[in-house]
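What the coordinates show
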Amino acid sequence: AHNNLNAKLVLLGDMGTGKSSLVIRFVKGQFLEFQESTIGAAFFSQTVAVNNATVKFEIWDTAGQERYHSLAPMYYRGAAAAIIVYDITSMDSFARAKKWVQELQKQGNPNMVMALAGNKSDLEDKRKVTAEEARVYADENGLFFMETSAKTAVNVNDMFYEIAKRLPRA
Ligand code: GTP
Ligand code: MG
């Protein structure tokens, strides 16, 4: 039915920020302390219900290691949504997230729903990136912003649900 939508979603961000952990939390409800670094990319799918519709996310979880950077366009091309992930305990990862946003603004689908996820919000005592600076950046660039924790599950389902609500309807 026309109320059912398939949406390609890509996760981008520095290695170790928790992209795979966020997806596994969302799709399987699990968390691993020793999640293995992704090689190339991994595919998942998960369906969410919003209002009278369902959105089936087709999720590409990309590898953050720099040597895989050249593969990224294959995954964000044609994507309806992107989650750019940084780690709140790493200023470098926030800088890297901004680079991904710039790349998507130049090369990505102009109607893409973009979310900025400040992950590892459970590590408050090691925080380096304030929520305020990330929110200001997100507002200036038209991104939807949330702090998340794949470990405790805080805001993980909510983030995907908020993206589903923002997708343009056919
Ligand atoms: P690449 O695949 O190399 O790009 O990394 P990634 O972004 O997929 O990170 P991954 O999910 O593999 O997580 C890296 C490490 O951070 C793992 O040891 C996870 O257990 C840990 N981790 C992920 N999310 C969280 C979180 O929300 N809180 C805490 N405390 N640790 C997390
Ligand atoms: Mg990974």
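One structure accompanies this document, and this report is about it. Quick caveat, the model's predicted, so the values are computed rather than measured. (Residues numbered from 1 in each chain as written. Chains lettered and ligands numbered in written order. Predicted model: local features only at pLDDT ≥ 70, side-chain atom pairs only at ≥ 80, totals over all residues. Heavy atoms only, no water.)

With that out of the way, let us pick up the pattern of salt bridges. Under the criterion given, the structure shown has 7 salt bridges. Here Arg 96 makes a salt bridge to Glu 66, at a shortest N to O gap of 3.8 Å. With Arg 96 in helix H3 (residues 91-107) and Glu 66 in the loop between strand E3 (53-62) and helix H2 (72-76), this residue pair connects regions lying 30 residues apart in the sequence. Of the charged contacts in the structure, one is a salt bridge between Glu 124 and Arg 127, with a shortest N-O distance of 2.9 Å. Judged by its relative accessible area of 23%, Arg 127 falls in the partly exposed class. Residues joined in a network through salt bridges with shared partners are Glu 124, Arg 127 and Glu 147. (Salt bridge = Lys/Arg side-chain N within 4 Å of Asp/Glu carboxyl O. Helix = DSSP H or I, 4+ residues; strand = E, 2+ residues; numbered from the N terminus. Buried < 20%, exposed > 50% of the residue type's maximum accessible area, 1.4 Å probe, protein only.)

Near ligand 1 lie 24 residues; those nearest to it are Lys 19, Ser 21, Leu 32, Ser 37 and Gly 64. Within the backbone of Gly 16, one N or O atom sits 2.9 Å away from an oxygen atom of ligand 1. Separating an oxygen atom of ligand 1 from a backbone N or O atom of Leu 32 is a distance of 2.7 Å. Coverage of ligand 1 by the protein chains reaches 91% of its 650 Å² of free accessible surface. When residues in the shell around ligand 1 are grouped by element, the largest group, 3 residues, is from helix H1 (residues 19-28). (Near = heavy atom within 4 Å. Polar contact = N/O pair within 3.5 Å; in protein donor to acceptor, adjacent residues only side chain to side chain. Areas by Shrake-Rupley, 256 points an atom, 1.4 Å probe, with all protein chains shown as cover.)

Moving on to unusual backbone geometry. Backbone geometry follows two general trends: most residues other than glycine have a negative phi, and most peptide bonds adopt the trans configuration. Phi at Ala 153 is positive, roughly 80 degrees, even though this residue is not glycine. Here Ala 153 is to be found in the loop between strand E6 (144-147) and helix H5 (156-166). Positive phi is not limited to glycine here, since Asn 155 has a value of about 65 degrees. Its relative accessible area of 25% is what places Asn 155 among the partly exposed residues.

Attention now goes to the packing of aromatic side chains. In the structure shown here, the tally under the stated rule is 7 aromatic pairs. Note on Phe 57 and Phe 160: the rings are 5.9 Å apart at their centroids and 70 degrees apart in plane angle, and the pair reads as edge-to-face. Residue Phe 57 is located in strand E3, and its partner Phe 160 is located in helix H5; the two are separated by 103 residues in the primary sequence. The pair Phe 57 / Phe 160 is uniform in exposure class, with both members buried. Members of the aromatic cluster, each reached through a chain of ring pairs, are Phe 26, Phe 57 and Phe 160. (Phe/Tyr/Trp six-rings, centres within 6.5 Å; stacked < 30°, edge-to-face > 60°.)

With that settled, consider the sheet that holds strand E4 (residues 81-87). Across the sheet, which stays open at both edges, the 6 strands sit in the order E2-E3-E1-E4-E5-E6 with mixed pairing between neighbours. Either end of the sheet is taken by a strand with one partner, and the two such strands are strand E2 (41-50) and E6. With direction set aside, neighbouring strand axes in the sheet form an average angle of 25 degrees. Across 4 bridges, the pairing between strand E5 (residues 113-119) and E6 is parallel. Among the inter-strand pairings, Leu 116 is bridged to a residue of E6, identified as Phe 145. Sheet strands touched by helix H4 (residues 131-140): E4, E5 and E6. Its angle to E6, the strand with the most contacts, is close to 165 degrees. (Pairing = 2+ DSSP bridges. Axes fitted to C-alpha atoms, helices over the stretch in contact; angles between N-to-C directions. Contact = heavy atoms within 4.5 Å.)

Looking now at the coordination of the magnesium ion (ligand 2). All of the protein donors around the magnesium ion (ligand 2) are Ser 20 (OG) and Thr 38 (OG1); their distances to the metal are 2.1 Å. Placement of the pair is Ser 20 in helix H1 and Thr 38 in the loop between H1 and E2, with a sequence separation of 18 residues. This pair shows no difference in class: Ser 20 is buried, exactly as Thr 38 is. (Donors = N, O, S within 2.8 Å, 3.2 Å for Na, K, Ca; no water.)

Honestly, it's all geometry; don't read function into it.
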